[in-house]
Amino acid sequence: MTNTVQIIILAAGKGTRMKSELPKVLIPLHGTPIIKHLLNTIESIENKPFSTPYIVVGHGKEEVMAALGTQYNYVEQKEQLGTGDAINSVKNSISDIAPNTLILYGDHPFVSAATIEKIINKKLESGKKIVMATVALPDFEDWRKNFLGFSRVERDGNGKILRTIENKDATPEEKKITEVNPCYFCIDTKFLWEEIAKLKNDNAQHEYYLTDVFKIAVQEGVEIESIQIGAHEALGANSKEELETLETLTTNNN
């Protein structure tokens, strides 16, 4: 099953709100760089249907590459133009293109091997173009306030995903939706490149949002399959406060 899936890890962010000289993905969590938690999890998976992950680097790229070593493929995102642009940076760098692509994030350390395998297996077994993970929250209280900045998942009355809405572009009513999108997903690679080419930056951040891939796909009549994962697995670190939340939680929290 080698090379049925290609993993892309986004790790180009500067992380200004972390108030650290280190690139965000190298900031320690429990004494280990944040991204190493994810990489160690990937390495722990047996019978891997994927080869060496591609890591998208940007800010502090030399530092990140030196810290992680030569066992990974690196691609540079030259400008910080959003997550969609980060994925587009990889397009011309992948030499051995796999039919499916799994997207993960270097600053999201708690995603489990079981979840990674579940997303991949669901994609390979379902035949759907996209399989995404979502998190159903009871509320945004306590440590779950870290999810307030996540995009929301809008479904119809039958549970079918209609779109995902970036928090910065959501209306007050849309922000009340408690199902969020960590943007972990496995997608047909050819379809990914087609959709990335259609992204526009006419949004609050003037960036190319990777989450718009879901919106475009639905508009084109593509049904999105989803799996629900534990809230802790979707937590990331975009600020010192969020990092402190991660420090207090373990991978066994829900």
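The present account deals with the structure reproduced in this document. Remember, predicted model here, so these are calculated numbers, not experimental data.

### Considering the overall build of the chain
And then number 1: Secondary structure assignment for the chain yields 7 helices and 12 strands.
And then number 2: Its C-alpha radius of gyration of 17 Å places the chain within 12% of the 18 Å reference for a compact globule of 254 residues.
And then number 3: Along the first, second and third principal axes, the C-alpha atoms of the chain reach 50 × 40 × 35 Å.
And then number 4: Counting only residues that meet the buried cut, the chain has 53% of its 254 residues in that class.
And then number 5: The long-range share in the chain, meaning contacts at least 24 apart out of those at least 6 apart in sequence, stands at 72%.
And then number 6: Accessible surface, the chain as shown: approximately 11700 Å² in total, 45% of it carbon and sulfur.
And then number 7: For the chain, the distance from the average position of its 28 positive side-chain charges to the average position of its 36 negative side-chain charges is 2 Å.

### Considering the pattern of salt bridges
Side chains carrying opposite charge are able to pair once their charged atoms draw close together.
And then number 1: Under the defined criterion, the tally for this structure stands at 15 salt bridges.
And then number 2: With a closest N to O distance of 2.4 Å, K123 and D188 form a salt bridge. Within this pair, whereas K123 is found in helix α4 (residues 113–126), its partner D188 is found in strand β11 (residues 185–188), the two being separated by 65 residues in sequence.
And then number 3: K123 gets classed as buried once you look at its relative accessible area, which sits at 4%.
And then number 4: With its nearest N and O atoms 2.5 Å apart, the salt bridge here joins E174 to R163.

### Some points on unusual backbone geometry
Where the residue is not glycine, phi is negative for most of them; where a peptide bond is considered, it is trans in most cases.
And then number 1: Of note in this structure, C183 is not a glycine but carries a positive phi near 65 degrees.
And then number 2: A positive phi is found at H206, a non-glycine position, where the angle reads about 55 degrees.
And then number 3: Mapping H206 onto the fold places it in the loop between α5 (189–196) and α6 (212–219).
And then number 4: Judged by its relative accessible area of 57%, H206 falls in the exposed class.

### Points about the packing of α5 against α6
And then number 1: For the pair α5 and α6, the least separation of the axes is 10 Å and the interaxial angle reads 100 degrees. Between α5 and α6, the interaxial angle falls into the category roughly perpendicular. Along its contact with α5, which presents F191, E195 and I196, the element α6 presents V213, I216 and A217.
And then number 2: When grouped by side-chain class, the residues that make up the contact of α5 with α6 number 5 nonpolar, no polar and 1 charged.

### Here's the deal with the environment of L235
And then number 1: As for its placement among the helices and strands, L235 is situated in the loop between β12 (224–228) and α7 (240–248).
And then number 2: Accessibility expressed as a relative area gives 0% for L235, which makes it buried.
And then number 3: A C-alpha to C-alpha distance of 5.9 Å links L235 and H108, two positions 127 residues apart in sequence.
And then number 4: Discounting chain neighbours no more than four positions away, the residues touching L235 are D107, H108, P109, W143, N146, F147, L246 and L249.

### Considering the packing of aromatic side chains
And then number 1: Scanning all chains against the criterion turns up 4 aromatic pairs.
And then number 2: Relative to Y184, the ring of Y105 has its centre 6.5 Å away and its plane inclined at 35 degrees; by these criteria the two rings are tilted. Of this pair, Y105 sits in strand β6 (residues 100–105) while Y184 sits in the loop between β10 (179–181) and β11, placing them 79 residues apart in sequence. Both residues of the pair, Y105 and Y184, belong to the buried class.
And then number 3: Members of the aromatic cluster, each reached through a chain of ring pairs, are W143, F147 and F150.
And then number 4: Just above the ring of W143 sits the side chain of R144; from NZ or CZ to the centre is 5.7 Å.

### So, the pairing of strand β7 (residues 130–136)
And then number 1: The element β7 is extensively covered by neighbouring structure, given that 6 of its 7 residues are classed as buried.
And then number 2: Here β7 pairs with β12 via 5 bridges, running parallel. Of the residues in β12, the one forming a bridge with A133 is I227.
And then number 3: Inspection of the sheet shows β7 paired to β10 by 2 bridges, in the antiparallel sense. Opposite A136, over in β10, you have E179 as the bridge partner.

### Points about the side chain of T245
And then number 1: Within the secondary structure, T245 sits in helix α7.
And then number 2: Once you skip the residues sitting within four places of it in the chain, T245 turns out to touch W143 and N146.

Scoring rules and cut-offs
- Every residue gets a number counted from 1 within its own chain, in the order that chain's sequence is written.
- Two thresholds apply to this predicted model, a pLDDT of at least 70 for residue-level local features and 80 or more for giving and counting side-chain atom pairs, whereas whole-chain, interface and lining totals are computed over all residues.
- Side-chain metrics rest on all non-hydrogen atoms present in the structure, leaving aside hydrogens and water.
- Counting from the N terminus, the helices are DSSP H or I runs at least four residues long and the strands are E runs at least two residues long.
- Here the radius of gyration uses the C-alpha set of atoms, whereas the globule reference equals 2.2 Å times the residue count to the power 0.38.
- A simple rule labels every residue: compare its accessible area, found with a 1.4 Å probe on the protein chains alone, to the largest value its type can have, and call it buried under 20%, exposed over 50%, or partly exposed in between.
- Contacts are assigned to residue pairs that have any heavy atoms within 4.5 Å of one another.
- Calculation of accessible area relied on Shrake-Rupley with a 1.4 Å probe; when residues are assessed, cover is drawn exclusively from the protein chains displayed.
- When charges are counted, Lys and Arg are positive and Asp and Glu negative, with His and the chain ends excluded.
- By convention, the charge on Lys lies at NZ, on Arg at CZ, on Asp at CG and on Glu at CD.
- Whenever a carboxyl oxygen of Asp or Glu lies within 4 Å of a side-chain nitrogen of Lys or Arg, that contact is scored as a salt bridge.
- Each axis is a line fitted through C-alpha atoms, taken for helices only over the stretch in contact, and angles between the N-to-C directions span 0 to 180 degrees.
- Angles are sorted into four bins: roughly parallel if under 35 degrees, roughly antiparallel if over 145, roughly perpendicular if 65 to 115, and oblique for all others.
- In the scheme used here, Gly and all other residues not listed as nonpolar or charged are polar, with Ala, Val, Leu, Ile, Met, Phe, Trp, Tyr, Cys and Pro taken as nonpolar and Asp, Glu, Lys and Arg as charged.
- Two rings from Phe, Tyr or Trp (for Trp, the six-membered ring) form a pair when their centres sit within 6.5 Å of each other. Planes less than 30 degrees apart are called stacked, planes more than 60 degrees apart edge-to-face, and all others tilted.
- Throughout this description, the term charge over a ring refers to an Arg CZ or Lys NZ atom that lies within 6 Å of the ring centre and within 35 degrees of the ring normal.
- We call two strands paired when DSSP finds no fewer than two bridges between them.

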